[in-house]
Every structure is written in structure tokens, then in C-alpha cells.
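Residue-level listing of the chains:
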Amino acid sequence: MSSNRRKFLRNLTMGTGALVSSWPVLGKNLSEDAPHPAAKASPSFNMCGYAAPKLEKVRIGFIGLGMRGPGAVERMSHIEGVEIKALCDLYPERAAAAQQILTKTGLPKAKEFSGENGWRQVCEQKDIDLIYITTPWDLHTPIALYAMNNGKHAATEVPAALSIDECWQLVETSERTRKHCMMLENCCYDFFELLTLNMARNGLFGEVLHAEGAYIHDLLDLNFSKKGYANMWRLKENIRMNGSLYPTHGLGPVAQCMNINRGDQFDYLISMSTNDFTMGAHAAELAKADSFFSPYVNQKYRGNMNNTLIRTHKGKSILIQHDVSSPRPYSRIHLVSGTKGVAQKWPSPAKIAFGHSWIKQEEFKALEDKYTPPIVKHIGEIAKGVGGHGGMDFIMDWRLIDCLRNGLPLDQDVYDAALWSCVIPLSNQSVNNRSRSMDIPDFSRGNWITNKPVDLTLNGGGNTPVRKIDKSGKQL
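Residues numbered from 1 in each chain as written. Predicted model: local features only at pLDDT ≥ 70, side-chain atom pairs only at ≥ 80, totals over all residues. Heavy atoms only, no water.

Draft legend 1. Representation of the pattern of salt bridges. The full count for this structure, using the stated rule, is 21 salt bridges. The shortest N-O distance in the salt bridge between Asp393 and Arg68 comes to 3.1 Å. Of this pair, Asp393 sits in helix 16 (residues 392–406) while Arg68 sits in the loop between strand 1 (58–63) and helix 4 (69–76), and the two are 325 residues apart along the sequence. Looking at Asp393, the relative accessible area reads 1%, which means it is buried. Residue class for Arg68 comes out partly exposed when judged on its relative accessible area of 24%. Here Arg262 and Asp413 are joined by a salt bridge, their closest N and O atoms 2.9 Å apart. Remark: Asp413 occurs in the loop between helix 16 and helix 17 (414–421) and Arg262 occurs in the loop between helix 12 (248–257) and strand 8 (266–273); sequence separation between them is 151 residues. (Salt bridge = Lys/Arg side-chain N within 4 Å of Asp/Glu carboxyl O. Helix = DSSP H or I, 4+ residues; strand = E, 2+ residues; numbered from the N terminus. Buried < 20%, exposed > 50% of the residue type's maximum accessible area, 1.4 Å probe, protein only.)

Draft legend 2. Broad picture of a nonpolar patch on the surface. Judged by side-chain polarity, Tyr268, Ile270 and Leu309 come together as a nonpolar surface patch covering roughly 220 Å² of accessible area. Structurally, Ile270 can be placed in strand 8. Judged by relative accessible area, Ile270 falls into the partly exposed class, the value being 33%. (Patch = residues over 30% accessible without salt bridge, like charges linked within 9 Å, V, L, I, M, F, W, Y side chains within 5 Å. Areas by Shrake-Rupley, 256 points an atom, 1.4 Å probe, with all protein chains shown as cover.)

Draft legend 3. Structural detail: the sheet that holds strand 3 (residues 111–114). Across the sheet, 6 strands lie side by side as 3-2-1-4-5-6; this open sheet has parallel pairing. For this open sheet the edge positions go to strand 3 and strand 6 (181–183), each flanked by a neighbour on one side alone. Looking at each pair of strands side by side, their axes are set apart by 20° on average, direction ignored. Where strand 1 and strand 4 (residues 130–133) come together, 4 bridges link them in parallel fashion. Pairing of Ile63 across the sheet is with Ile133, part of strand 4. (Pairing = 2+ DSSP bridges. Axes fitted to C-alpha atoms, helices over the stretch in contact; angles between N-to-C directions.)

Draft legend 4. Molecular detail of the environment of Ile320. For Ile320, the location among the structural elements is in strand 10 (residues 317–323). Measuring from C-alpha to C-alpha, the distance between Ile320 and Ile424 comes to 11 Å, with 104 residues separating the pair along the chain. Discounting residues that sit within four places of it in the chain, Ile320 has contacts with Gly213, Ser244, Pro247, Gly250, Leu251, Asn306, Asn307 and Thr308. (Contact = heavy atoms within 4.5 Å.)

Draft legend 5. Region of interest: unusual backbone geometry. A cis amide bond links Val158 to the next residue, Pro159, at an omega of -10°. Within the secondary structure layout, Pro159 lies in the loop between strand 5 (153–156) and helix 8 (164–177). Phi is positive for Asn261, which is not a glycine, with a value near 75°. Mapped onto the elements of the fold, Asn261 is located in the loop between helix 12 and strand 8. On the basis of relative accessibility, which here comes to 2%, the residue Asn261 falls in the buried class. The phi torsion at His334 lies on the positive side, around 45°, for a residue other than glycine. Take His334: it is sitting in the loop between strand 10 and strand 11 (335–338). Exposure remark for His334: the relative accessible area of 1% places this residue in the buried category.

Draft legend 6. Main features of the state of the cysteines. Summed over the entire model, instances satisfying the criterion amount to 0 disulfides. In this structure Cys167 is not part of a disulfide, and its nearest cysteine sulfur, from Cys422, lies 5.6 Å away. Judged by relative accessible area, Cys167 falls into the buried class, the value being 0%. Free of any disulfide, Cys181 has its nearest neighbouring cysteine sulfur in Cys167, separated by 10.0 Å. Owing to a relative accessible area of 2%, Cys181 belongs among the buried residues under this scheme. (Disulfide = S-S within 2.5 Å.)

Have a look at this one:
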């Protein structure tokens, strides 16, 4: 990494990065000029289906203890076979606060790290197997790379990368080190998303030909909150880029239903955004009463609604929507449409059809009972009790640990992390070029043709216990 890049990341993390008044055209070297050099090279190793050596104990270092990190620490405290060895944040008080989670549950204290170089120090520790990354987006790739290069598996919050170059760096490093790089796309473990994945796998929808996903979530007030994201970093991302800034919640589950990277592959995308009709006005209104918001006035914010349409090599389509600044109910859409039927979750309730009308509740319940996958039957009720977006966060964490302890391939590999994340820079570039079509890299470099779909069984695993903890936090 260049010294300029390090300085940029450090400044942005510390909140000293300047606001940007126009959007960069990211990924230009891929789609307007020559392909990235790695795209032409043969993969050094295929990480899809790779089973790393078993880990009896999974020793974890957590980096980033702001919005998402404490919840991850709490969830992992429930899982046997986990040792929480390190807690790290830029701010020392956050690491100390997370320490209380371990104390409350009767677990040994972890080492605390903080400051600009704290995350590097965690990655360099000899007694850690997995780095769990919940920092601002710009640090996801640098930390994941440093983790893998120091012999650790990496699990990163979404998105895994913000540029095409970062995507390729993740792929090349994971292949070279043979360390997992999993993007923590929790929506792939939602109960209905898992149900529709199993139904699609069993052919109930026929040939899946179209899917839709979204991240429609009114974050206007949170993005402008002084107590929200540290140093207003997420608001700055809404100035820095246009396009689909957060596509993976809607994209990940439907990509799995369509066996993307495992039988089909993205080909190209086109993306269109509206103008901004709320963020600039909100900044101006806030600045009238508080000069803190003055730097955010007259900035060019991303459009409210972005529509990104992806076509696959097999001629199928995916529509992904993104809107975090309009007053709308939350939605990920999650629509899976095939030659025999369709499923959709939003607007609620979840529903399934095999013709012109949605099936009745009794038939839906019968299908649910029959096609709920083993992981939900095994850990679903426990997950609801532990929590984390209704339980899907805990299913994700438990599954990650169970795979590592049993030497099983992960449900999401580095190719998924790169492919789903690359929609961000490519949609930004498409929007900036009047919705021009943008070629999507094949990060698997041809292996998608023979890679096997995600295994929905618990074969070889399912034996990781869960610690019983009462409401006060004490182990039962």
C-alpha cells in the first residue's frame, strides 16, 4: 500500500479527510481501459469449496467497536469453541466498553488495542485465528489484507471493498495465503431468504430467470446524527460516491438463489440514480441552527433512489435498488422469479405463488415446514433468542464458527465478497456516464462454470454448542 493511500485512510478514519464536492469515477482502469492484470492471470488457487484446516478453538480479534462491533462480540460470547482474544477500536473507551460484555458473561478478558495502529497490532498477534472487521467501509479491505498476510482468516462487514482494485487484492491475497475472506452478508441467513434458497435449489421455482433485491432504509436522521457514525463517515460516503452504495443486503441472497459464481456469472450492469431531493435540503436546514453542519451545505449528495440492473452470462437479470434518504418503510424486496413460481418477502407478509395468485397461508406453512433448511431447524430458535436482526446475525456467526471448527468450506467466499462489492464502484461509474453499461469482472476467472453451489446441509458439522446465558448475562 502506498504512503499516500495510508495517509488517506488514516485521515479519513480520524475524521480529517476533506469533504468531496464531486464523485470520482471508480473502476476506470477496468471498464474504460485495459482489464485489471489479475483478470488475465490464472487463479493461483480456487478458494471456492476450499476447506481450511480444522480449528478446535477459533480465537478471534474484533476490530471496530462502534455500531456493529459490540453486537458481534455479544453474539460470539454465546458460542462454544470461541475465544475472544482481542478488542480493538480507534477510541480506547469503546474497547473498554466491549470488555464489559465478556466480564458480564463470565469470559476471560481480552487484550485491548486502540489508536491509529491498533488494528495492525491485532493482526500481528500470534494467538488469533480470525479477524472480525466492523470498521468504517474504507478500512475493510486494508484490514482484511493485513489479516490474511499475517496468517489469519478475515471476516468483514459489508461491503468488503470499495474499488475494483481492492476487490482483486482480496481475491489474490486469499488465493495466495489460502486464508478465508468472508463478507459478513447477514441477509443470506434470514429465515425467508434461506427458505427460498432451499426451494430454488429443489426446483420449486423452475429455472430462476429474474430476481430483485434492495436496501431501502430511511437513514436520513442517522446519517446526520452527531452521535451516529464516528466523524460522520457514512454521510461523507453519500457525498463521495453516487450509485448503489450498499447493494449486498439485497444482492447476496438472490445471487445465491441464482448460483452466481457457481454455475452462472454476472456479465454487465447499468445503473441510474435520481437527483438528491432530501439530503442537501436537510443539511441546509440543520446548518441554520448549528454551524457544525455548515461544511455539509451545498455538497453534491448521491441521488435518493438508485436502480442497478445486472445481466448474467446465462441471460438472467437482477434489479437492485438503493435508497437511504427517502421516507419509506424498510425493504429488501427479495423477489425470486422462475419459470414455475415466485417468492417475495417485502412488502410483508412473505408470500409464494405458482400462478396468478399468492398461495394461501396453510399451503405456505406446509412448504415452509418441508423446505426450511437444516441450519434453521438446528439453530433457528436459539438464534431468535440470542438476537441480531431477528436471529439472522447469530445464524451467520454460528455457521462461520462451525465451518472453521470442522474444516468445512464457507457459505460465502472471497469471490462472492469481491463480486457483490464491485457493484458499488461500477454503478458509480455507470451513473456518471449516463447509465452506460459496465462490464463486471469474473473474479473466479472461469471457475464459476464448475464451482459447486453452496451446501445447505450440515454434513460434517453442526456440532458447535451454544452457551446458555440467562437474562443477567451469566452462564447457566
